[in-house]
Amino acid sequence: KQWYQRRVREFDVVYAWGWNNKGQLGLSRENAMENMPVPLFEEDMEIDYISCGRSHSAFLTKDKSLYLCGWNKYKQCSEDANEDIYLDNRLKVNTPSATDVVDVVCGPWSTYFTTD
């Protein structure tokens, strides 16, 4: 069951709305619930693809970097972090040297990605 939504619309702007109690929308801790779509990543980050798990999300950028945020109880965002990951400290995944992430899929409590 998913309690939040993400959509990529024209002009490459990502909008999010719904439940954010664990940071799964990519918003700060102050935003526990958003009833209306809120634009994300207005800085220079261009999002190419988004995958959503039960309470975590993965963002693949056009430059092939991977960022994760949200619930991290089962280390689905990071083995190094011991807490939920919000926008202000979203994690960039370190991949093996000289490889780009080409695809990402979130399961309910897991994250999978492939490299070139």
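Summary of the structure given here. (Residues numbered from 1 in each chain as written. Predicted model: local features only at pLDDT ≥ 70, side-chain atom pairs only at ≥ 80, totals over all residues. Heavy atoms only, no water.)

### Section: the overall build of the protein
The criterion, for reference: Where helices and strands are cited, they refer to DSSP runs of H or I of at least four residues and of E of at least two residues respectively, numbered from the N terminus. Under the scheme applied here, a residue whose accessible area is under 20% of the maximum for its type counts as buried, over 50% as exposed, and between as partly exposed, the area being computed with a 1.4 Å probe on protein chains only. Between two residues, a contact is recorded if the distance between any of their heavy atoms is within 4.5 Å. Only the protein chains shown count as covering a residue, and every accessible area follows the Shrake-Rupley method with a 1.4 Å probe.
When helices and strands are tallied, the protein shows zero helices and nine strands. Relative to its full complement of 116 residues, the protein shows a buried share of 42%. Contacts spanning at least 24 positions in sequence make up 42% of the contacts within the protein whose residues lie at least 6 apart. As displayed, the protein offers around 6,900 Å² of accessible surface, 48% of which is attributable to carbon and sulfur atoms.

### Focus: the nonpolar core
The condition is simple: Side-chain atoms within 4.5 Å are what join buried Ala, Val, Leu, Ile, Met, Phe, Trp, Tyr and Cys residues into a set we call a nonpolar core.
Of all hydrophobic cores here, the largest spans 23 residues; its most connected members are V14, L40, F41, I47, A58, F59 and L66. The element best represented in this core is strand β6 (residues 66-70), accounting for four residues. If we ignore the near neighbours within four places in the chain, the residues touching L66 are A58, F59, L60, L91, K92, V93, V101, V104 and F113.

### What to know about the side chain of S57
Threshold: Throughout this description, a polar contact denotes any pair of N or O atoms lying within 3.5 Å of each other; where both atoms belong to protein, one of them has to be capable of donating a hydrogen while the other can accept it, and for residues adjacent in sequence the pair is counted only when both atoms sit in side chains.
Note on placement: S57 falls in strand β5 (residues 56-61). Looking at S57, its side chain comes within polar contact range of the main-chain oxygen of Q24, at 2.7 Å.

### Topic: the environment of I85
Structurally, the position occupied by I85 is in the loop between β6 and β7 (91-92). If we skip the residues at most four places from it in the chain, I85 touches K22, G23, L68, C69, G70, N72, C77, S78, R90 and L91.

### Focus: the pattern of salt bridges
Put simply, the test is: What makes a salt bridge here is a side-chain nitrogen of Lys or Arg within 4 Å of a carboxyl oxygen of Asp or Glu, nothing more.
With the rule as written, the count across this model stands at two salt bridges. When the shortest N-O distance is used, the salt bridge between D84 and K22 registers 3.7 Å. Within this pair, whereas D84 is found in the loop between β6 and β7, its partner K22 is found in the loop between β2 (14-19) and β3 (33-40), the two being separated by 62 residues in sequence. A salt bridge links K64 to D48; the shortest N-O distance between them is 3.9 Å. Linking K64 in the loop between β5 and β6 with D48 in strand β4 (residues 47-52), this pair joins segments that are 16 residues apart in sequence. Assessed through its relative accessible area of 29%, K64 is described here as partly exposed.

### What to know about the packing of aromatic side chains
Which entries qualify depends on this criterion: We call Phe, Tyr and Trp rings a pair once their centres come within 6.5 Å, taking the six-membered ring for Trp, and we label the pair stacked below 30 degrees between planes, edge-to-face above 60, and tilted otherwise.
Taken as a whole and judged by the stated rule, the model has one aromatic pair. Centroid distance W71 to Y74: 5.5 Å. Interplanar angle 85°. Geometry classified as edge-to-face. A relative accessible area of 47% means that Y74 is categorised as partly exposed.

### Let's talk about a negative patch on the surface
Worth spelling out the cut-off: Each patch is built from residues lacking any salt bridge and having more than 30% relative accessible area; the joining distance is 9 Å for like charges and 5 Å for nonpolar side chains (Val, Leu, Ile, Met, Phe, Trp, Tyr). Working convention for charge: Lys and Arg count positive, Asp and Glu count negative, and His plus the chain ends are omitted. Here the site of a charge means NZ on Lys, CZ on Arg, CG on Asp, or CD on Glu.
A cluster of like negative charges, contributed by E46, D63, D100 and D116, occupies part of the molecular surface. Within the fold, D100 resides in the loop between β7 and β8 (101-107).

### Quick word on the side chain of S51
Structurally, the position occupied by S51 is in strand β4. Of the polar contacts made by the side chain of S51, one reaches the backbone nitrogen of C106; its length is 2.7 Å. Among residues more than four places away in sequence, those in contact with S51 are H56, S57, A58, V104, V105 and C106.

Such coordinate-based values are descriptive only and should not be taken to indicate function.
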